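Notes for the structure review
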Amino acid sequence: MASRTTTRSRRAPSKPRSSRPTRRTATPEPPRHDFTAALTGAARRQLRAHRGDAAGVGLLVLAALTALGLASDLAGGVGRGLADGLGAAVGQARYGVPVACAVAAIACLRARTPAPADD
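What comes next concerns the included structure. Residues take numbers from 1 onward in each chain, read along the sequence in its written order. Given that this is a predicted model, residues contribute local features only at a pLDDT of at least 70 and side-chain atom pairs are listed and counted only at 80 or more, while totals for whole chains, interfaces and linings are drawn from all residues. Think of the side-chain values as coming from all heavy atoms in the structure, minus any hydrogens and water.

So, on to the overall build of the protein chain. Put simply, DSSP marks the helices as runs of H or I at least four residues long and the strands as runs of E at least two long, and each gets a number from the N terminus on. Along the backbone of the protein chain there are 4 helices and 0 strands. For the protein chain, buried positions account for 13% of its 119 residues. Only heavy atoms matter for contacts: two residues are in contact if any of them lie within 4.5 Å across the pair. Within the protein chain, counting contacts between residues at least 6 apart in sequence, those at least 24 apart form 60% of the total. Residue-level accessible areas treat just the shown protein chains as cover; the underlying method is Shrake-Rupley with a 1.4 Å probe. Of the roughly 10800 Å² that the protein chain leaves accessible, carbon and sulfur atoms contribute 58%. Each residue is placed in one exposure class: buried if its accessible area under a 1.4 Å probe, protein chains only, is under 20% of its type's maximum, exposed if it is over 50%, and partly exposed if it falls in between.

Set out below in structure tokens:
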């Protein structure tokens, strides 16, 4: 029976490290498709005049959640969190926050802004 001899290959010696740290380059952001950019631009142009409406609706939702959180347990964890946070921040004035949000929402929804000129 013949014995088999194996040879180990030797690695080349490593290069000495330089004193400067290596610079990593940031990975480039993937390019946006033209369709996505066109759709986003079109949506911005169409909805430009409705920023006040969106703010008003958001304030109405905040007023409703805050009122439900303060008055009962119907708003769940979000309402409890809002009620506790407002209690810690403003104390007994927390009961005026839903009213203030509702008034601000009505002001946003009733505000008439001139329509922007088409580009």
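The discussion continues.
Patch membership requires more than 30% relative accessible area and the absence of a salt bridge. Residues of like charge join within 9 Å; the nonpolar side chains Val, Leu, Ile, Met, Phe, Trp and Tyr join within 5 Å. By convention in these notes, a salt bridge is any Lys or Arg side-chain nitrogen within 4 Å of a carboxyl oxygen on Asp or Glu. A cluster of nonpolar side chains, contributed by Val-57, Leu-60, Val-61 and Leu-109, occupies part of the molecular surface with about 310 Å² of accessible area. Considering every element that reaches the nonpolar patch, the biggest residue donor is helix H2 (residues 51–71), with 3 residues. As for its placement among the helices and strands, Val-57 is situated in helix H2. Judged by relative accessible area, Val-57 falls into the partly exposed class, the value being 47%.

Angular values range over 0 to 180 degrees, each being the angle between N-to-C directions of two axes fitted as lines to C-alpha atoms, with helices fitted over their stretch in contact. Packing of H2 against helix H3 (residues 76–90) brings their axes to within 8 Å, and their N-to-C directions diverge by 80 degrees. As the angle between them shows, H2 and H3 are arranged roughly perpendicular. In this structure, H2 uses Leu-62, Leu-65, Thr-66, Gly-69 and Leu-70 to contact H3, whose residues at the interface are Val-78, Gly-79, Leu-82, Ala-83 and Leu-86. Looking at side-chain class alone, the contact of H2 with H3 contains 7 nonpolar, 3 polar and no charged residues. Relative orientations are named as follows: roughly parallel for angles under 35 degrees, roughly antiparallel for angles over 145 degrees, roughly perpendicular for angles from 65 to 115 degrees, and oblique for any other angle. Amino acids are sorted into nonpolar (Ala, Val, Leu, Ile, Met, Phe, Trp, Tyr, Cys and Pro), charged (Asp, Glu, Lys and Arg) and polar (every other residue, Gly among them).

A separate point is the packing of H2 against helix H4 (residues 97–110). One can describe the packing of H2 onto H4 by two numbers: an axis separation of 8 Å at closest approach and a directional angle of 160 degrees. The orientation of H2 relative to H4 falls into the category roughly antiparallel. The element H2 and its partner H4 pack so that their crossing is left-handed. Across the interface between the two elements, Gly-52, Asp-53, Ala-55, Gly-56, Val-57, Leu-59, Leu-60, Leu-62, Ala-63, Thr-66, Ala-67 and Leu-70 of H2 pack against Val-97, Pro-98, Cys-101, Ala-102, Ala-104, Ala-105, Cys-108 and Leu-109 of H4. In this scheme the crossing of two helices becomes right-handed for a clockwise turn of the near helix relative to the far one and left-handed for an anticlockwise turn of less than a right angle.

The next thing to look at is the side chain of Thr-66. One can find Thr-66 in helix H2. You can call Thr-66 buried: its relative accessible area is 1%. In contact with Thr-66, other than residues within four places in its own chain, are Leu-82, Leu-86, Val-97 and Pro-98.

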